[in-house]
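Here's the letter readout for the chains.
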Amino acid sequence: MIADGVEDEEKWLSAGIAGLQQNAFYMHRALDSNNLRDALKYSAQMLSELRTSRLSPHKYYELYMRAFDELRKLEMFFKEETRRGCSIIDLYELVQHAGNILPRLYLLCTVGSVYIKSKEAPAKDVLKDLVEMCRGIQHPVRGLFLRSYLAQVSRDKLPDIGSEYEGDADTVVDAVEFVLQNFTEMNKLWVRMQHQGPAREKEKREKERSELRDLVGKNLHVLSQIEGIDLDMYKDTVLPRVLEQVVNCKDELAQYYLMDCIIQVFPDEYHLQTLDVLLGAFPQLQPTVDIKTVLSRLMERLSNYAASSADVLPEFLQVEAFSKLNNAIGKVIEAQPDMPILGVITLYSSLLTFTLHVHPDRLDYADQVLGACVRKLSGKGKLEDNKATKQIVALLSAPLEKYNDIVTALKLSNYPRVMEYLDSETNKVMATVIIQSIMKNKTRISTADRVEALFELIKGLIKDLDGTFDDEVDEDDFKEEQNSVARLIQMFYNDDTEEMFKIICTVRKHILAGGPKRLPFTVPPLVFSSLKLVRQLQGQEENPFGEEESTTPKKIFQLLNQTLETLSNIPAPELALQLYLQCAEAANDCDLEPVAYEFFTQAYILYEEEISDSRAQVTAIHLIIGTLQRMHVFGVENRDTLTHKATGYSAKLLKKPDQCRAVYACSHLFWVDDQDNMKDGERVLLCLKRALRIANAAQQMSNAARGSTGSVTLFVEILNKYLYFFEKGNPQVTVAAIQSLIELITTEMQSDSSTPDPAADALFASTLRYIEFQKQKGGAVGEKYEPIKV
Amino acid sequence: MVLVLAIGDLHIPHRAPDLPPKFKSMLVPGKIQHIICTGNLCIKEVHDYFKSLCPDLHITRGEYDEDYRYPENKTLTIGQFKLGICHGHQVIPWGDLDSLAMLQRQLDVDILVTGHTHQFKAYKHEGGVVINPGSATGAYSSFTYDVNPSFVLMDIDGLRVVVYVYELIDGEVKVDKIDFKKTPTTRSAH
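How each quantity is defined
Residues numbered from 1 in each chain as written. Chains lettered and ligands numbered in written order. Predicted model: local features only at pLDDT ≥ 70, side-chain atom pairs only at ≥ 80, totals over all residues. Heavy atoms only, no water. Helix = DSSP H or I, 4+ residues; strand = E, 2+ residues; numbered from the N terminus. Rg over C-alpha atoms; globule rule 2.2 N^0.38 Å. Buried < 20%, exposed > 50% of the residue type's maximum accessible area, 1.4 Å probe, protein only. Contact = heavy atoms within 4.5 Å. Areas by Shrake-Rupley, 256 points an atom, 1.4 Å probe, with all protein chains shown as cover. Axes fitted to C-alpha atoms, helices over the stretch in contact; angles between N-to-C directions. Parallel < 35°, antiparallel > 145°, perpendicular 65-115°, else oblique. Nonpolar A, V, L, I, M, F, W, Y, C, P; charged D, E, K, R; others polar. Pairing = 2+ DSSP bridges. Core = buried A, V, L, I, M, F, W, Y, C linked by side-chain atoms within 4.5 Å. Salt bridge = Lys/Arg side-chain N within 4 Å of Asp/Glu carboxyl O. Buried area = accessible area lost by both parts, 1.4 Å probe. Polar contact = N/O pair within 3.5 Å; in protein donor to acceptor, adjacent residues only side chain to side chain. Patch = residues over 30% accessible without salt bridge, like charges linked within 9 Å, V, L, I, M, F, W, Y side chains within 5 Å. Lys, Arg positive; Asp, Glu negative; His and termini not counted. Charge placed at Lys NZ, Arg CZ, Asp CG, Glu CD. Phe/Tyr/Trp six-rings, centres within 6.5 Å; stacked < 30°, edge-to-face > 60°. Lys NZ or Arg CZ within 6 Å of the ring centre and 35° of its normal. Right-handed = clockwise from strand over helix to strand, strands pointing away.

Here's the deal with the overall build of chain B
Regarding its fold elements, chain B presents 3 helices and 11 strands. Listed by position from the N terminus, the elements making up chain B come as β-α-β-α-β-β-β-α-β-β-β-β-β-β. Against the globule reference of 16 Å for 190 residues, chain B gives a C-alpha radius of gyration of 16 Å, in line with a compact fold. With the C-alpha coordinates aligned to their principal axes, the bounding extent of chain B is approximately 50 × 35 × 30 Å. Burial statistics for chain B: of 190 residues in total, 59% are counted as buried. The long-range fraction of contacts in chain B, counting pairs at least 24 apart against all pairs at least 6 apart in sequence, stands at 53%. For chain B, the accessible area works out to roughly 7,400 Å², and carbon and sulfur atoms hold 52% of it.

So this is what it looks like as structure tokens:
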């Protein structure tokens, strides 16, 4: 049935166009032969096609446009006629003889246009006549198009200020009056459409009405372009009349469209100055009108206006824009208790943006807005609506972007309260936004209180919130999150050591609640912040009269010890071991021997009990030896114990080459350059000899397992170590020892059973070159090296 | 002229939040032909950042690096020079130039780039040059109390390499340069 209808419509339209074109043809013929009577006859027939009721607005428009084009030519003819002496007044009267009213009125408007141009009568008189005569058409679609035609032809003939049509009798007041009347009538017709036809076709009607809305809105546009309208006239005449029509028509579609039109079309300064009136209209509108969108758009415009130039800001203050808008929103929300939460938040979001632009220094206003939001949200529990949560994120991000400083945002007491209503996913999103803002602006967070407040806000990242077990959290996302928390911790700093210690304690408290998955990310930055604080304390004068409670390196180390214990529950032994060794070095610098020893003990326990991967063991051993080598705080006994253990571990590594290398590295434990009592030549040599034995064993093993003795590279490396200590003046490393090692290597390389290894050869060659070079140096060094034969 | 960036020990996010902004604005993609990284980045984001500066990226593993697949050491040839990279925690005593020279002999390279101590060093010995680009973020180091963010840019041209060191001192970037020339050595035939 409907398909038939559409097909029919196409048919009627084609028929209408055909009829129109045919009559137009005859009309043109008449015009060409200056036959006024015939021209009028055919034009009237042509315009009769517009009398149809069968077309939808969309199709009617097509017909109308063709008629419009033809009427332009007719108008030109009329103009010619008057120049040829035909009286325009006669013409004006003549066209009124047309049989049907619709063609009659189109022709009248066309002649009227020429009439006004001729200036034989005041513009206002003609316009008034026309706008009232158009009342003859009460059919909505036909009437709207007719009046639209009137508006189009009269557009450039309004007696505006500075226009040629302005005179003593014609003023801008008349122009305004004309447009307002046309507008009012058009709106009435438009609204009437809603009530025509059966109820079941309501949706279709609304769609059709929507297609026509610009015809009505155009009038407002025209009004906005009239130069003679100043603020006073707008306030006294234009706005009240327009609003009167909008309110009285009691039509949802019209009200929504026209309110928005007013806001978009007239200048922002006008809106500011008429804010009371404008806002006063909202509660009078139909309850189904989407006021929040219109209000939001108004606030958006005003925000942009405020942002455009600082000069306009005083105006905002003068009209008390904020409180008016705030009240208006409050009233709207009250009047619509069923408004969905998305609507409420959108409104407050727009208001907040407005506030931030117009009153950037009034934190209390911003807080007020957030507080109103909280009140509306209370009792609703966590939000489920995706769009609503997105809006809340936008709401909360606005102050961050404006102030560029989380600290200012933290001063808004209602900020954290709004965040309470976010579900854990969105909380994390918001937390990430906050952290990014801090990192981007390089904000330093400098008090424990602020750290506490901040961690409260971002708690979704710091720990698992109640009832959420996100096993589905993407691993990469989780890593990124936690790394951003780690970076954040670096931004907490205060020169004052007491405050810094409080900050560290606060951070510790929060991250320890984070659970085993988070600790490997969050503990390291905490540790290093603490070690930096230790250094700072060292730099300060020791205060012998200091209070019991004041921070000392010892206290910090105790805290660190307890913190690092938690890593062992995860388990994360390699990381824990590295951090224990770092702490040991720091304790070494503070001359705290027992503390350093305890850290080493913990590291060793981890090595023995938890680190079983071969590669990890090698790395751990290097770190242990490297750290121990630098320690000066240990007494002989302690040092001996730790060294003995380290050497033991080295000799027990899985692969022989690793063993060998670790053991010769241990030789350095017995020789520390800048401490004379730390130079034990014998034990160095013992170590190196042990390394040699291991290298030998490696060779034999290789021979047994693979049939060749493998590479000599380990021997060459040990040779290098011999040379190192020889040069340092270790009396136990003799020229003879070096010589025999060189011979051993040479023999091995030439032996059949050894595996050729270019790398080992190169190493040997460069070692020998080194010896030569040292000889060439002359002086004490040259003398030393002289006896070595290569 | 071949530009090689030597950089490392950023320790992001354990010890530093990010590269200093003044460094970031200097390091733009397209200007550098190779990046040599001593290790301890520590996370993938830093790796990706370097990759975006220059696709030819060589990294060795530092003890805190998240990625276990980086090698312990690496060698590569650029122009007439053989370069070696190693983080340095494996060479004991840490920072000891003689021990580093031994590593250089082991890797058989003209230029050895290592890190770990967070102290810039450029040292010439008979076997070649040892360069430590320091820490690009000025991260905490048990080695020294005074860490300024630094990195190194090497300009390799024929047998000559100019080492530019960029240090951030009191908020200002200071540049220094050191010249090294390689003498074509005659090695005994293998």
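Concerning the packing of helix α17 (residues 341–358) of chain A against helix α18 (residues 363–377) of chain A
Residues and elements named next belong to chain A. Orientation of α17 relative to α18, taken along the N-to-C sense of each, is 175 degrees, at an axis distance of 9 Å. When the axes of α17 and α18 are compared, the pair comes out roughly antiparallel. Residue-level contacts link I341, V344, I345, Y348, L351, L352 and T355 of α17 to Y365, A366, V369, L370, A372, C373, K376 and L377 of α18. Taken together, the residues of the contact of α17 with α18 break down into 13 nonpolar, 1 polar and 1 charged.

What about the sheet that holds strand β3 (residues 57–59) of chain B?
Residues and elements named next belong to chain B. With mixed pairing, 6 strands are arranged side by side in an open sheet as β3-β2-β1-β9-β10-β11. The open sheet has two edge strands, β3 and β11 (172–181), and neither has a second partner. In this sheet, neighbouring strand axes are inclined to one another by 20 degrees on average, regardless of whether the strands run parallel or antiparallel.

Points about the nonpolar core
Counting 287 residues, the largest nonpolar core has L223(A), Y415(A), I434(A) and F557(A) as its most contacted members. The element contributing the most residues to this core is helix α8 (residues 172–192) of chain A, with 11 residues. Among all residues touching I434(A), those that are not within four sequence positions of it are L400(A), I406(A), Y415(A), M419(A), L454(A), L457(A) and I458(A). Counting residues in each nonpolar core, the second largest holds 25 residues, with L3(B), F23(B), I32(B) and F151(B) among its members.

So, the pattern of salt bridges
All names here are of chain A. Applying the stated criterion to the full structure yields 42 salt bridges over all chains. Across the salt bridge formed by K73 and E70, the nearest N and O atoms sit 3.7 Å from each other. Separated by 3 residues within a single helix, K73 and E70 lie in helix α3 (residues 57–83), roughly one turn from each other. Note on K73: relative accessible area 38%, which makes it partly exposed.

Looking at the interface of chain A and chain B
Opposite the 49 residues of chain A that make contact, chain B presents 37 residues. Here chain A and chain B share an interface that buries about 4,200 Å² over both sides, 54% of which is from carbon and sulfur atoms. At the surface where chain A touches chain B, the tally comes to 4 salt bridges. Close ionic contact of E45(B) with R487(A) constitutes a salt bridge, the shortest N to O distance being 3.4 Å. Viewed at the interface, chain B and chain A are joined by 18 residue pairs in polar contact (both at pLDDT 80 or more). Of all elements in the fold, only α25 (475–489), α27 (519–539), α29 (573–589), α31 (614–630), α33 (656–666), α35 (713–728) and α37 (758–777) of chain A reach the threshold of two or more residues within the side of chain A that touches chain B. In terms of residue count, α31(A) provides more of the side of chain A that touches chain B than any other element does, 9 residues in total. Taken together, the residues that form the side of chain A that touches chain B break down as 19 nonpolar, 14 polar and 16 charged.

Let's talk about a positive patch on the surface
All names here are of chain A. Taken together, the side chains of K652, K689, R690 and R693 present a region of like positive charge at the surface. Structurally, K652 can be placed in the loop between α32 (636–651) and α33. Among the residues examined, K652 registers a relative accessible area of 70% and is labelled exposed.

Here's the deal with the packing of aromatic side chains
To describe a pair of aromatic rings, one takes the distance between the centres and the angle between the planes. Counted under the stated rule, the structure contains 34 aromatic pairs over all chains. Note on F600(A) and F634(A): the rings are 5.8 Å apart at their centroids and 75 degrees apart in plane angle, and the pair reads as edge-to-face. You can see F600(A) sitting in helix α30 (residues 593–610) and its partner F634(A) sitting in the loop between α31 and α32, a full 34 residues away along the chain. The residues F600(A) and F634(A) share a single accessibility class, namely buried. A ring pair is formed by F726(A) and Y785(A), whose centres lie 5.6 Å apart and whose planes are at 85 degrees; its orientation type is edge-to-face. Of the two residues, F726(A) is situated in helix α35 and Y785(A) in helix α38 (residues 779–785); the sequence distance between them amounts to 59 residues. Grouped by ring-pair contacts, the aromatic residues Y60(A), Y61(A), Y64(A), F68(A), Y106(A), F145(A) and Y149(A) constitute a single cluster. R61(B) extends its terminal NZ or CZ atom over the ring of Y68(B), reaching a point 4.4 Å from the ring centre.

A look at the sheet that holds strand β6 (residues 111–114) of chain B
All names here are of chain B. Strand order in the open sheet formed by 5 strands is β4-β5-β6-β8-β7, and the pairing between neighbours is mixed. Looking at the sheet topology across the chains shown, the edges are occupied by β4 (73–78) and β7 (120–125). Going from strand to strand, the sheet's axes swing by 15 degrees on average, the running direction of each strand aside. Of the pairings in the sheet, the one linking β6 to strand β8 (residues 128–133) comprises 3 bridges and is parallel in character. Each bridged residue has a counterpart across the sheet, and for V113 the counterpart in β8 is I131. Contacting β4, β5 (81–86), β6, β7 and β8, helix α3 (residues 97–107) crosses the sheet at an angle of about 120 degrees to β6.

Regarding the pairing of β5(B)
Residues and elements named next belong to chain B. Burial analysis of β5 places 5 of its 6 residues in the buried class, which makes it a mostly covered element. Looking at chain direction, β4 and β5 are connected through 6 bridges and run antiparallel. Of the residues in β5, the one forming a bridge with I78 is F81. As paired elements, β5 and β6 share 4 bridges and run parallel to each other. Paired with C86 across the bridge in β6 is T114. Considered for its hand, the β-α-β crossover made up of β5, α3 and β6 is right-handed.

From the geometry alone we can't say anything about function, so treat these as descriptive.
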